[in-house]
Amino acid sequence: MPETSVVTLSRHILEEERRHPEASGQFTSVLLEVALAAKIISREVNKAGLVDDIMGSTGEENLHGERVQKLDAYADEVIYKALDHTGTLCCMGSEEHEGLLPIPDRFPKGEYVLLFDPLDGSSNIDVNVSIGTIFSIHRRVSGPEGSDGLLEDCLQPGKNQVAAGYVVYGSSTILVYTSGNGVHGFTLDPSIGEFLLSHPDIRMPDGVGNIYSVNESYYRRWSPGQQRFVSELKTSDPPFTSRYIGSMVADVHRTLLKGGIFMYPPEVRKPGGKLRLLYEAAPMAFLVEQAGGKATDGRRDLLEIEPTSLHQRTPLYVGSRELVDRAAEYLAQDDL
Ligand code: AHM
Ligand code: MG
């Protein structure tokens, strides 16, 4: 008999919830609404090139008299609007906005905080290269229940995340998430509009893999330790191969499935590198750790870093444990 049982994302999340009898259902609702937003964004991403307003000729008005938006601004709004009214969040934070995003007064406030990068790697849209959405969920730490969320709810270390995930809009659309019980991937079946379980319990392959991923054009801006590490990867026997898409979501997704290391190193004049701790690095660190890998800022465990501001940047080394540790050994030589 052919296998007819399919596991949708909703079923998976609900079954996870049942394992926690104390769960209020709010958390389930956050994940399901994020998935809904991802489907809407995926639909629009797939129209890029066909419909002018996606590429964002700003300053124009559409049929409804609304300003035409770029896809990243559109994605940002879709996620906010999918979740602002649900009563599950006390506030949100987006890479597209300077400050935290309050929940409108007319809606109830909930127990969770959602931090997101609505469309990461958006410079790749115009050339049909994969882009993605990243999200991170924390339980609020401020009180009282039902009140507006505060900055302290957002500024929590990565180890406090209750869930994190990303969506890659690539050759297919895949949503990968963890709620601390393994990492699971769901591919969007556009014909039925559902995310279906395609990658249950993703584990990084054993060993170090054979791929390193870094923007090597910055070589001269790196520390001597970073330069030596990459040189060693190229000259080792057998040598590592190199892949760099320039969309972190896609580069990390490959790293999760195939092993190796993805790096966005510090530069002499940019000690924090480029990536944002809360919106980009911490969620990826949680996912990769849950899949048996490791993430650091080159020195510290990334999930231990206490954020001090919403848009704080951090270097990122993420991938196979042994390789991430090896990177740290080379970087430590810079301190000698
Ligand atoms: P963005 O949030 O402005 O899209 O920037 C983040 C992206 C990552 O997806 C990617 O890893 C990195 O920028 C690439 O940067 P660079 O061009 O410096 O290599
Ligand atoms: Mg980004």
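Quick summary incoming for the structure in this document. (Residues numbered from 1 in each chain as written. Chains lettered and ligands numbered in written order. Predicted model: local features only at pLDDT ≥ 70, side-chain atom pairs only at ≥ 80, totals over all residues. Heavy atoms only, no water.)

1. Some points on the overall build of the chain
Heads up, the condition is: Helix numbers and strand numbers start at the N terminus; a helix is a DSSP run of H or I with at least 4 residues, a strand a run of E with at least 2. When we talk radius of gyration, it's over C-alpha atoms, and the globule rule is simply 2.2 Å times the number of residues to the 0.38. With a 1.4 Å probe rolled over the protein chains alone, any residue whose accessible area is under 20% of its type maximum counts as buried; one over 50% counts as exposed, and the rest are partly exposed. Contact between two residues is taken to exist if any of their heavy atoms lie within 4.5 Å; hydrogens are not considered. For every accessible area listed, the method is Shrake-Rupley and the probe measures 1.4 Å; residues are considered covered only by the protein chains on display. We treat Lys and Arg as the positive residues and Asp and Glu as the negative residues; His and chain ends play no part in the count. Taken as the charge centre is NZ of Lys, CZ of Arg, CG of Asp or CD of Glu, depending on the residue.
Tallying secondary structure elements over the chain gives 9 helices and 13 strands in all. Relative to the 2.2 N^0.38 estimate, which gives 20 Å for 336 residues, the radius of gyration of the chain is 20 Å and therefore close to what a compact globule would have. Across its three principal directions, the C-alpha atoms of the chain cover 55 × 55 × 45 Å. Counting every position in the chain, which comprises 336 residues, the buried fraction comes to 52%. Sequence-distant contacts in the chain: of pairs separated by 6 or more residues, those separated by 24 or more amount to 62%. Accessible surface, the chain as shown: approximately 15,500 Å² in total, 49% of it carbon and sulfur. Separation of charge centres in the chain, based on 32 positive and 48 negative side chains, amounts to 4 Å.

2. Remarks on helix α8 (residues 277–290)
Most of α8 is tucked away: 12 of the 14 residues are buried. Of all the residues in α8, the buried ones are L277, L278, Y279, E280, A281, A282, P283, M284, A285, F286, L287 and V288. Looking one or two residues beyond α8, the residue adopting positive phi is G292, at roughly 95 degrees.

3. Here's the deal with the sheet that holds strand β5 (residues 163–169)
What holds strands together in a sheet is hydrogen bonding between their backbones, with the strands either parallel or antiparallel. Applied cut-off: Following DSSP output, two strands are said to pair if at least two bridges run between them. Each axis is a line fitted through C-alpha atoms, and for a helix only the stretch in contact is used; angles between axes span 0 to 180 degrees, taken between their N-to-C directions.
If you trace the 8 strands from one edge of the open sheet to the other, you get β2-β1-β3-β4-β5-β6-β7-β8, paired in mixed fashion. Every other strand in the sheet has two partners, leaving β2 (101–102) and β8 (194–199) as the edge strands with one partner each. Direction of pairing for strand β4 (residues 131–139) relative to β5: antiparallel, over a ladder of 7 bridges. The residue bridging G132 from the neighbouring strand is V168, located in β5. Against the sheet, helix α4 (residues 71–83) engages β1 (89–94), β2, β3 (112–120) and β4, with an angle of about 160 degrees to β3. Each of β3, β4, β5, β6 (173–178), β7 (183–189) and β8 touches helix α7 (residues 248–258); the most contacted strand, β5, lies at about 110 degrees to it.

4. Considerations on the site of ligand 1
To be explicit about the condition: A cutoff of 4 Å decides nearness: a residue is near a molecule or strand if any of its heavy atoms lies inside that distance of it. Under this definition, polar contacts are N or O atom pairs within 3.5 Å; protein pairs additionally need one hydrogen-donor-capable and one acceptor-capable atom, and for neighbouring residues in sequence, both atoms have to be side-chain atoms. All residues other than Ala, Val, Leu, Ile, Met, Phe, Trp, Tyr, Cys, Pro, Asp, Glu, Lys and Arg, Gly among them, are scored as polar; the first ten of these are nonpolar and the last four charged. For the purposes of this description, domain bounds are those given by an automatic or database domain assignment.
In the vicinity of ligand 1 lie 15 residues, with D120, Y218, Y244, M248 and Y264 positioned nearest. Between Y264 and ligand 1, the recorded distance is 2.6 Å, taken from a side-chain N or O atom to an oxygen atom. When ligand 1 is considered free in solution it has 470 Å² of accessible area, and contact with the protein chains removes 81% of it. Counted by class, the shell around ligand 1 contains 5 nonpolar, 5 polar and 5 charged residues. A domain-level breakdown of the shell around ligand 1 finds at least three residues from each of domain 1 (9–199) and domain 2 (211–335).

In short, shape yes, function no, at least from these values alone.
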